[in-house]
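Remarks on the overall topology
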Amino acid sequence: MRCSKAIHLIDLKLDGELSASNSRALNQHLDKCPACKAWLSEAAKLNIMLSASPDIAVPAWVHAQIMDKVKKLETAKPSFSRRFKLATVTATLAVFVSLLAGAHVGVQTFKSETEAYDTSSYSVSSASFGETSLMEVYETGGTYDE
Amino acid sequence: MKKEHFEAFLSKNENRILRYLIGLCGNEQDALDVLQSVFIAVYKNLDRIEDATALSYTYKIAHNKCITFLKAKSRYVAVDPVYFNSIPDSSGGVAEADYKELHLAIASVPPKLAAVIQLQYYENLSYKDISAQLGISVKAVESLLVRAKRILRKKMMQGNNKK
Ligand SMILES: [Zn+2]
């Protein structure tokens with residue numbers, strides 16, 4: 001085994017990632033190579049120091065404060081997905097109502113052509129009724145989901 | 001990442017990120033302040049964050065937030081070893097000085113390298129577990145660790161030679 005390979009395997013050994021077969025091969029090399037053996041104890045120092053680092057824990061109040069701030073973000077503005085859903089519902093309702101209103105106007109216009117002239121004023125008022133209900137649906141749709 | 005998963009993500013990773021930030025900021029109080037802004041930034045970007053790479057992303061945010069924070073305070077304690085060496089050691093022990101040196105060394109490597117070092121040494125995770133935590137391959141973990149250790153050893157030696 002070359003020393004460069006051995007040095008790589010020493011890293012794996014120290015990290016507990018060395019396979020059994022590689023472990024045997026490395027030990028054979030270490031028995032014959034004082035330089036790599038010296039490197040093993042040198043390299044182990046870093047592992048020992050790193051694993052001796054003290055425990056660090058985030059205080060519970062900091063965790064709570066993060067959650068608190070995050071929840072405030074949530075109430076400050078509705079999420080994009082919520083607003084999107086709301087818009088979809090409102091738009092669908094609006095289209096539906098305007099179709100109904102349109103059909104109604106159409107029927108009334110057809111009637112006004114066959115019946116007396118003054119009934120056409122009724123179709124105009126029904127059209128404006130359609131618009132009002134559209135506004136109402138939009139408003140209730142807007143407040144209902146909030 | 002789903003909003004419902006945020007608190008679990010926070011609980012699982014807050015200590016890791018705090019440890020990293022203490023190294024970067026140089027003290028725990030500043031690190032705790034930055035920690036809050038890091039996780040709030042994560043929350044604001046949840047819809048753009050993939051579960052698999054969320055922790056890697058958080059390390060990156062932590063790095064950036066800390067740099068911004070230190071710039072605002074206009075002091076670069078994290079990248080100035082002299083600062084730490086000039087602090088009188090409470091215990092006077094060599095081990096503590098070495099530990100500071102190591103902390104500084106970790107703070108000076110890119111966030112991805114710092115992340116693998118932390119998961120490997122402080123938490124004793126296997127390469128496989130680290131790869132799952134960071135959303136990278138096992139081979140990538142291995143080569144990142146080799147790189148990280150090479151840099152750390154070099155820095156530790158430079159630090160020791162200065163004394
Ligand atoms: Zn050798």
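These remarks concern the structure in this document. (Residues numbered from 1 in each chain as written. Chains lettered and ligands numbered in written order. Predicted model: local features only at pLDDT ≥ 70, side-chain atom pairs only at ≥ 80, totals over all residues. Heavy atoms only, no water.)

Core analysis: the biggest nonpolar cluster contains 73 residues, and Phe6(B), Ile17(B), Leu21(B) and Leu35(B) have the highest contact counts within it. If near-sequence neighbours (up to four positions away) are discounted, Leu21(B) is found in contact with Gly26(B), Ala31(B), Val34(B), Leu35(B), Val38(B), Ala62(B) and Cys66(B). (Core = buried A, V, L, I, M, F, W, Y, C linked by side-chain atoms within 4.5 Å. Buried < 20%, exposed > 50% of the residue type's maximum accessible area, 1.4 Å probe, protein only. Contact = heavy atoms within 4.5 Å.)

To continue, consider the coordination of the zinc ion. All names here are of chain A. Around the zinc ion, the protein contributes the donor atoms Cys3 (SG), His29 (NE2), Cys33 (SG) and Cys36 (SG), which lie 2.1 to 2.4 Å from the metal centre. Around the zinc ion, the 4 donor atoms are arranged such that angles at the metal cover 102 to 114 degrees; this shape is classified as tetrahedral. Each donor residue of the zinc ion belongs to the same chain, and together they define the spacing C-x25-H-x3-C-x2-C. Neither His29 nor Cys33 differs from the other in exposure class; each is buried. (Donors = N, O, S within 2.8 Å, 3.2 Å for Na, K, Ca; no water. Tetrahedral: all angles 85-135°; square planar, octahedral: opposite > 155°, others 65-115°.)

Turning our attention to the environment of Lys3(B). Residues and elements named next belong to chain B. Along the polypeptide, Lys3 turns up in the segment before α1 (6-25). We classify Lys3 as partly exposed; its relative accessible area is 35%. Distance in space between the C-alpha atoms of Lys3 and Asp47 is 8.5 Å, their sequence separation being 44 residues. (Helix = DSSP H or I, 4+ residues; strand = E, 2+ residues; numbered from the N terminus.)

Residues and elements named next belong to chain B. This model, assessed by the stated rule, comprises 3 aromatic pairs over all chains. Note on Phe9 and Phe39: the rings are 6.3 Å apart at their centroids and 65 degrees apart in plane angle, and the pair reads as edge-to-face. Residue Phe9 is located in helix α1, and its partner Phe39 is located in helix α2 (residues 28-44); the two are separated by 30 residues in the primary sequence. An angle of 55 degrees between the planes, with centres 5.2 Å apart, marks the rings of Tyr20 and Tyr59 as tilted. Here Tyr59 lies in helix α3 (residues 54-72) and Tyr20 lies in helix α1, a separation of 39 residues in the sequence. You'll find Tyr20 and Tyr59 in the same group, each marked buried. One residue, Arg19, lies across the ring of Tyr122, its end atom 4.0 Å from the ring centre. (Phe/Tyr/Trp six-rings, centres within 6.5 Å; stacked < 30°, edge-to-face > 60°. Lys NZ or Arg CZ within 6 Å of the ring centre and 35° of its normal.)

Another aspect to go through is the interface of chain B and chain A. For interface size, the figure often reported is the accessible area lost on association. Of the residues lining the interface, 34 residues belong to chain B; the matching set on chain A comes to 30 residues. When residues of chain B are sorted by the area they lose upon contact with chain A, Gln36(B), Tyr121(B) and Arg153(B) head the list and together hold 21% of the total. Linking chain B with chain A are 4 salt bridges, by the criterion used here. Note that Glu74(A) and Lys3(B) form a salt bridge whose closest N and O atoms lie 3.5 Å from each other. Where chain B touches chain A, the interface holds 14 residue pairs in polar contact (both at pLDDT 80 or more). (Buried area = accessible area lost by both parts, 1.4 Å probe. Salt bridge = Lys/Arg side-chain N within 4 Å of Asp/Glu carboxyl O. Polar contact = N/O pair within 3.5 Å; in protein donor to acceptor, adjacent residues only side chain to side chain.)

These figures capture arrangement, not role.
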